[in-house]
Amino acid sequence: MSVPDEIRTRLRSRLWEIADTIDWINLSTIKKSKYYEDWTRSVEIGGVLKRFIDGGQVRLYIKDTLLKGYALDKSSDASRPLRVAGIDLSAETVESYLKPHGRRLIDGRIVCWGRAEDWKNVLMALHERAFVCKGARPFAAVLTSAGGRFRESDLRSMVEAAAGRLAIEKLVWLDV
């Protein structure tokens, strides 16, 4: 037996609302694990799912079905990265990218964004996307969740030097 679409949609919406309020994207693996356990045991979430799937599969279902895509969905919004890169939100996009997220604008500027811990992927994706597209330029890399060790000036200097060598015009650090 599988979880009916209506129930899956309702539970997914509820969990995404909770995830928004607890800053899910920035939680540690340990804290996320605690939430998975709490949700599995709760009557409102785990109890409902146990009516349709084996109790031993509830935690995995919550993780891999209900919360799958949450982080990707939340980080795909281009408005903040474009704004902090100094780009008008009405600028026309000719291509959108995933992993890491990005946009190529009609004037050839490319912006990519992702978590600071993924800085190598963000910078290289920006470089590669501009390199393979005639008339494109690696305009801006926006690195989010740049707290902790990413506040250290030596680390930032290293990343900024790499961005400079890749001809990335602008590098923006966002603590959140």
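Here, the structure is the one placed above.
Residues numbered from 1 in each chain as written. Predicted model: local features only at pLDDT ≥ 70, side-chain atom pairs only at ≥ 80, totals over all residues. Heavy atoms only, no water.

Peer 1: I'd like a description of the overall build of the protein, backed by residues and values.
Peer 2: A tally of regular secondary structure across the protein gives eight helices and five strands. Scanning the protein from its N terminus toward the C terminus, one meets helices and strands in the order α-α-α-α-α-α-β-β-β-α-β-α-β. Seen through its principal axes, the protein has C-alpha atoms that stretch 55 × 35 × 25 Å. Taking all 176 residues of the protein together, the buried fraction comes to 43%. Taking as baseline every contact in the protein between residues at least 6 positions apart, the subset at least 24 positions apart corresponds to 62%. (Helix = DSSP H or I, 4+ residues; strand = E, 2+ residues; numbered from the N terminus. Buried < 20%, exposed > 50% of the residue type's maximum accessible area, 1.4 Å probe, protein only. Contact = heavy atoms within 4.5 Å.)

Peer 1: Explain the sheet that holds strand β2 (residues 101–105) residue by residue, including any values.
Peer 2: Strand pairing in a sheet is mediated by backbone hydrogen bonds. Such pairs are either parallel or antiparallel. Read across the sheet, five strands follow the order β1-β2-β3-β4-β5 without closing on themselves; strand pairing throughout is mixed. Taken across any chain shown, the strands that pair with only one partner, and hence form the sheet edges, are β1 (93–97) and β5 (170–173). Strand after strand, the sheet turns through a mean of 15° between neighbouring axes, direction not considered. Judged from the four bridges that link them, β1 and β2 form a sheet pairing that is antiparallel. Note on β2: the bridge partner recorded for S96 is R103. Strands β1, β2, β3 (109–115), β4 (137–144) and β5 of the sheet are contacted by helix α7 (residues 119–132), whose axis makes an angle of about 165° with β3. Strand contacts of helix α8 (residues 153–165): β4 and β5, with the helix running at about 150° to β5, the strand carrying the most contacts. (Pairing = 2+ DSSP bridges. Axes fitted to C-alpha atoms, helices over the stretch in contact; angles between N-to-C directions.)

Peer 1: So what about the side chain of R104? Which residues, and what values?
Peer 2: When you line up the elements, R104 lands in strand β2. Assessed through its relative accessible area of 18%, R104 is described here as buried. Dropping the residues within four chain positions of it, R104 is found in contact with E92, T93, V94, E95, Y97, R109, I110, C133 and A136.

Peer 1: Lay out the pattern of salt bridges in plain terms, naming residues and giving numbers.
Peer 2: Enumeration according to the criterion identifies 12 salt bridges in this entry. With a shortest N-O distance of 3.6 Å, E117 and R115 are connected by a salt bridge. Connected through salt bridges with shared partners, the residues E37, R41 and R59 form a single ionic network. (Salt bridge = Lys/Arg side-chain N within 4 Å of Asp/Glu carboxyl O.)

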